[in-house]
Every structure is written in C-alpha cells, then in structure tokens.
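Spelled out from the first residue to the last, the chains are:
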Amino acid sequence: LPEYELCSDMSMFGKCWKENNLCAKILPLVQLGRSVAIQVGCDTDKDSCKAAFSSACDNGAFVCANGCVKQTSLSASVCRSECEQVCAMSSSIEEACSALQPPIASTLASICPVECASNDNPDTCPIGTVCEQKWIPPLERSSDVLSFLMQLFSQGGDTEREDTRYGALLLSDDSKIGTSASLLYNTSAPHAVPTFQNLLSNVLLHMSAGSGAEISLTSHPMPRSQGEKLNQIVSAVVNLTSTFVIIIAFSWIPAAIVAYIVREREAHHNCKHQQLISGVSLIAYWIANFLWDICLYAAPLSLSILFLKLFNIDAFVSNGALWASFVVFLGYGLAITPFSYLLSFLFAKHTTAQVLCLVINFLTGLLLMLTSYILGLIESTQAVNEKLMWIYRLFPGFCLGHGLFEICTNSVALAQLGLQTEVDLLGWDVAGKDAMYLYVSAPCFFAVAVLVDYLAHSPLAAATKVLDPAGQVAQMDEEDEDVLAEAGRVASGAADGDIV
C-alpha cells in the first residue's frame, strides 16, 4: 500500500493549517479565474491579484473574454458566459485577494503550500508531501473491494460502446461509510436507471451468494400524461405544417421567373429579339438570366434559413436539420430556374405562363408529394410507388417537398422519442436522393433549355414557318399598292441614284 509523508503538523498558522483552512476557500476562486485565462499563479500577491481580476473585468468583461478566446480552447460564447460569472463574484474575489498579505501570507503559495509545492520555497510544502493522509481500505477488506470491481467489470465486459453511453457506475471510497457506488445515467434513456441499478444488484448478489444467482429486471415506465401527449402531437403538427407552408411559398418563385422570360418574347415587348440582333449570343443570354435569377433567389433562401433559426422550428434546426434544409433549398433554386426556362417555351403570354407555372409547381410539389406518401402507406402500391419515385424526382418541386418532409419527419422522430442516435439527414435513405437529383438535374435542364432555343432559331425552324404541310411555298398576303409601285421603281433602275 502507498505511504504518505505529512508536510507539517496542524499547529495554528502552520503550513497545513493554512492549506486546510484558507486555501480551501481561496483556491476555487483562483481556479475559476484560471479557467478563463486570468493570470493568477503561486507568486501572485495581494496587489497583483486584485489588478489581474480588475483589469479582466473592465468594459463588461471584454478583456477577460478576449483573453479567454485567445489562450483557451473555449468558444467565444462560453468564454463570455464564464467571464461574466467570474466578474459577478468581484466582491468575493476582492476579499480572497485581501487575504494575501503579511503576516499570514504574502503570496498564494504561502496559503496553498501543497498546490504550490516546491523544494526551494520555505513557505511551501516539499514536493510529494501532503497535509491530509488519504484513506486507504483496511487490508482485510482490500480483497473484497477488488472482487467487487472484477465482478462489475465481468458483468459489462461484452457490452458494446453504443450501450454504455446510457449509464455508468462510479465507485468511490469514504473513510466513514466505506466503498460506495454512484449511478450515472443518461436522462434520454428511460430504462437506464433500473438497468444499471440491476447491474449493481447482481454484482452484490454474486459476491454474497455465488455466480449461480441472478436478479431479473422488468422495466415498464409510467405512461406519458395527457398534457405531454398533447404537446407532442401539437409540436409534430406544427412542424409538418411548416413543411407544407414552405412548399406552397416556394411554388411562387418559378412563376416569377417564367413570367419575365415569356414577356421578353412577346411582340409588343420583344427585348430578347433586340438583344440577339445586337450581337448577344443565345448562350450568353441564358447564362445572364440564370445568374440574375439565382442572385434574386438568394434573398428568399437566406430569409427562410434565418427565420427557421430565429423561430427555432426544431424539425428544421436540431440534429443537423438546418444544414440539410439549406442544402435542399439551394439545390431547389439551382434546378427550378432552368426548369422554368423549359416551361417558358410552352407559353406565348406571360400572364398565362405565370398562372400555369404556379399551378404546375404546386401540383408537382405538394400534391404529388402527398400522393406519393399515401401510395407508400398502402401495401399493394408500395412497389409501384418506389419505381415511380425516379420519375417524380424529375420535378424540382417534388424534390423540395419530399426532401423537407423526410428531414422534418426524421428530426421530429429523434426529438419525440428522445433518441441520441445520430441520423445523417442527407443520407441516401433520407433526403440524399432528392438533393442529388436537384444538383444533377440543374445543369441538365439548363443544357436542354439552351438546345431548345437553338433549335427554335435554326434555319429549319424558320423554314417551317413559310412552308405549308404539302411542301408548297405558302402564298404571301397581297401587298399594298404603294409597296408594289416602289418595288417596280427600284427594279426599273429609277432608284439607282438615291442615297437611301
């Protein structure tokens, strides 16, 4: 058994008297200051102690928080909170610093001789000495303590790491009560307390009755109250409703995009034609529109993420859901923009395009998602629905709705069930497929939109406008008499001398 050498006797104002009566009151405050990088050490005297805490607490603890961030691994928010706690105890700290004065003590080392032990300083204890001998189990009981530990270890020897995080047993020795066991448990696991209590009981039983005895446990926690159940239902409904509201709101974005694209082609406006005859290429025209629309989309994207965070909608904030939602939102913007360009070729009037585009995205976003969900619940249609999912995901609105719905339901399930299991909300079986479709379809939709526009402006497409289905040249409308007269004059050579 280890042996301990006492530093000194317990005489009044002796080293061990200071250690047990003064250091125990001052040291916690000093350690609290050290935790936020306030420079207080064994050589600190009364004046330097007060100066260190006073300067750190100036300007609302700004100096303390700044030094804490630079010299520790704590985050800025934790440092600020800890520094505010330290500075709130200024009166107690000033009283503790005032104790560092002769004749009792001149420095912190004089009051805490064990913590500041040194063989060169006569005011401190020699290194390796103590002021209180630690309690050691009597020799006749040491085998029992060791047996208890071995039994406990064997009980949990085959336990996987995933199971051990729900609780633990901490053994400690006390000079008055002997060996004691403390049960540590994770409050998210409803069966943790009885399970680990039963583990301890089995160990004690094996020590007294042998390894053949065993205690079985049946755990049935109390049911949730009606109020708790109601709160769970309301919370789930609010979170799911938030998904539907987001889908409806984002259905307006492609409607706004397609309206301007179609309007630029209308005869009374026709600014697209003006750009093309001025030298703008089709690819440049579409790239410029795409970049502009994405810049405009950044506003609703940023505000949506901000409001989800500010209103703390758990389904889209906790368990990594905020990042997953951002990825899906961004992918939707990249995909729905060129998808709207493709839809624009179906319309000649921007008002019609805006209304029908809104309807199409509402149907493919919310209603198609609900249809897919219902088909997935019916056993006879689950296989067909699974095959159709690859077609559903060709619509960006469906990917947005289904992706957010998966993020929401998985996040709500983790919160309501109290599970600590980490679920990758961007995993392949959650929102990963929807996000992948969005990011892959975006360049594909854009390339198809440019290709369709090129074909619409090709010589073949222009020829189809003047050729009838029978292959005969279409008859031109009867020209005005003035036009015919001018054409005859030019043909006769009478206009050869005209400047214009």
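For every chain, the first residue of its written sequence is number 1, and the numbers climb from 1 along that sequence. Given that the model is predicted, a residue must reach a pLDDT of at least 70 before its local features are reported, and side-chain atom pairs must reach 80 or more before they are shown or counted; all residues, however, enter totals for whole chains, interfaces and linings. With hydrogens and water excluded, all non-hydrogen atoms of the structure serve as input to the side-chain values.

**Some points on helix 2 (residues 46-56)**
Step number 1: Of all the positions in helix 2, only Cys49, Ala52, Phe53 and Ala56 are classed as buried. When helix 2 is viewed along its axis, its buried side chains cluster within an angular range of 85° and face the same direction.
Step number 2: Looking at the buried side of helix 2, the elements it contacts are helix 1 (15-35), helix 3 (58-71), helix 4 (76-88) and helix 5 (90-98). Burial status follows relative accessibility: with a 1.4 Å probe on protein chains alone, a residue under 20% of its type maximum counts as buried, one over 50% as exposed, and anything between as partly exposed. Each helix is a run of DSSP H or I of at least 4 residues and each strand a run of E of at least 2, with the numbering of both proceeding from the N terminus. Along the arc lie the directions from the helix axis toward the C-beta atoms. For this analysis, residues touch if any pair of their heavy atoms sits within 4.5 Å.

**A word on the layout of surface pockets**
The method is simple in principle: a probe with the dimensions of a water molecule rolls over the atoms, and the space it marks as empty is what remains.
Step number 1: Residues are called lining when one of their atoms sits within 4 Å of a cavity or pocket point, these points coming from a 1 Å grid over the protein atoms alone, where a cavity is a set in which a 1.4 Å probe fits but cannot get out and a pocket is an open set with protein on both sides within 12 Å along at least five of seven lines. Grid points are joined across faces, edges and corners, and a volume is the space filled by probe spheres set on the points. Each pocket or cavity is described by its volume, and for the second largest pocket that value is around 330 Å³.
Step number 2: Asn385, Glu386, Met389, His402 and Glu406 are the residues nearest the centre of the second largest pocket, which is lined by 17 residues in total.
Step number 3: Of all the elements in the fold, those that place two or more residues in the lining of the second largest pocket are helix 15 (350-377), helix 16 (382-392), helix 17 (396-417) and helix 18 (428-456).
Step number 4: With 5 residues, helix 15 is the largest single contributor of residues to the lining of the second largest pocket.
Step number 5: Polar here means any residue other than Ala, Val, Leu, Ile, Met, Phe, Trp, Tyr, Cys and Pro, which are nonpolar, and Asp, Glu, Lys and Arg, which are charged; Gly is therefore polar. Of the residues that constitute the lining of the second largest pocket, the class distribution is 7 nonpolar, 5 polar and 5 charged.

**Overview of the nonpolar core**
Step number 1: Ranked by internal contacts, the top residues of the largest apolar core, which has 46 residues, are Phe250, Phe316 and Phe329.
Step number 2: Within the residue set of this core, elements represented by two or more residues are helix 10 (226-250), helix 11 (252-263), helix 13 (282-310), helix 14 (321-344), helix 15, helix 17 and helix 18.
Step number 3: Per-element tally for this core: the top contributor is helix 14, with 10 residues.
Step number 4: Ignoring anything within four residues of it in the chain, the contact list for Phe329 reads Ile246, Phe250, Tyr297, Leu301, Ile305, Leu308, Leu400 and Leu404.
Step number 5: Grouping buried Ala, Val, Leu, Ile, Met, Phe, Trp, Tyr and Cys residues that are joined through side-chain atoms within 4.5 Å yields what is termed a nonpolar core. In terms of nonpolar packing, the next biggest core, distinct from the first, is built from 29 residues, Val36, Phe53, Ala61 and Leu100 among them.

**A word on the state of the cysteines**
What makes a disulfide is a covalent bond joining the sulfur atoms belonging to two cysteines.
Step number 1: In plain terms, two cysteine sulfur atoms within 2.5 Å form what is called a disulfide here. Scanning all chains against the criterion turns up 5 disulfides.
Step number 2: Through a disulfide, Cys49 is tied to Cys97; the S-S separation comes to 1.9 Å. Disulfide Cys49 to Cys97: torsion about the S-S bond roughly -50°, handedness left-handed. In this pair, Cys49 sits in helix 2 while Cys97 sits in helix 5, placing the two residues 48 residues apart along the sequence. Accessibility classification places Cys49 together with Cys97 in one group, the buried group.
Step number 3: The partner cysteine of Cys68 in its disulfide is Cys79, sulfur to sulfur 2.1 Å. Across the disulfide from Cys68 to Cys79, rotation about the S-S bond amounts to roughly -65°, and the bridge is consequently left-handed. Of this pair, Cys68 sits in helix 3 while Cys79 sits in helix 4, placing them 11 residues apart in sequence. Grouping residues by exposure puts Cys68 and Cys79 together as buried.

**Quick notes on helix 13**
Step number 1: An ideal rise of 1.5 Å per residue puts 42 Å on 29 residues; helix 13 measures up with 42 Å between its terminal C-alpha atoms.
Step number 2: Taken as a whole, helix 13 has its buried residues at Leu282, Tyr285, Trp286, Asn289, Phe290, Asp293, Tyr297, Leu301, Ser304, Ile305 and Leu308.
Step number 3: Asn312, located one to two residues past helix 13, shows a positive phi value of around 50°. By definition here, a helix of n residues has an expected span of 1.5 Å times n minus one.

**What about the pattern of salt bridges?**
Step number 1: When a carboxyl oxygen of Asp or Glu lies within 4 Å of a side-chain nitrogen of Lys or Arg, that pair is called a salt bridge. Summed over all chains, the structure comprises 3 salt bridges.
Step number 2: In this structure, the salt-bridge partner of Asp453 is Lys272, at a minimum N-O distance of 2.8 Å. Of the two residues, Asp453 sits in helix 18 while Lys272 sits in helix 12 (residues 271-277), which places them 181 residues apart along the sequence. Comparing Asp453 with Lys272, the two get one shared label, buried.

**Comments concerning empty space enclosed by the protein**
Step number 1: Summed over the entire model, instances satisfying the criterion amount to 2 cavities of 30 Å³ or more.
Step number 2: Taken as a whole, the largest cavity holds about 40 Å³ of empty space.
Step number 3: Around the largest cavity, the lining residues are Ile26, Leu29, Val30, Cys49, Phe53, Ile93, Ala96, Cys97 and Leu100.
Step number 4: Contributing elements (two or more residues each) for the lining of the largest cavity: helix 1, helix 2 and helix 5.
Step number 5: Residues of the lining of the largest cavity, tallied by class, amount to 9 nonpolar, no polar and no charged.
Step number 6: Looking at the second largest cavity, its volume works out to about 30 Å³.
Step number 7: Lining the second largest cavity, in full, are Ile247, Phe250, Ser251, Tyr332, Asn361, Gly365, Gly397 and Leu400.
Step number 8: Contributions of two or more residues to the lining of the second largest cavity are made by helix 10, helix 15 and helix 17.
Step number 9: Of the residues belonging to the lining of the second largest cavity, the class tally is 4 nonpolar, 4 polar and no charged.

**Some words on the packing of helix 14 against helix 18**
Step number 1: With their axes 8 Å apart at the nearest point, helix 14 and helix 18 run at an angle of 20° to one another. Taken together, the axes of helix 14 and helix 18 lie roughly parallel to each other. In this structure, helix 14 crosses over helix 18, and the sense of that crossing is left-handed. Judged by residue contacts, Val327, Val328, Leu330, Gly331, Tyr332, Leu334, Ala335, Pro338, Phe339, Tyr341 and Leu342 of helix 14 engage Ala435, Leu438, Tyr439, Ser441, Ala442, Phe445, Phe446, Val448, Ala449 and Val452 from helix 18.
Step number 2: By residue class, the composition of the contact of helix 14 with helix 18 is 19 nonpolar, 2 polar and no charged. Whenever a helix is involved, its axis is fitted only over the stretch in contact; in every case the axis is a line through C-alpha atoms, and angles between N-to-C directions fall within 0 to 180 degrees. These descriptions rest on fixed angle ranges, namely under 35 degrees for roughly parallel, over 145 for roughly antiparallel, 65 to 115 for roughly perpendicular, and the rest for oblique. Should the near helix be turned anticlockwise from the far one by less than a right angle, the crossing is termed left-handed; should it be turned clockwise, right-handed.

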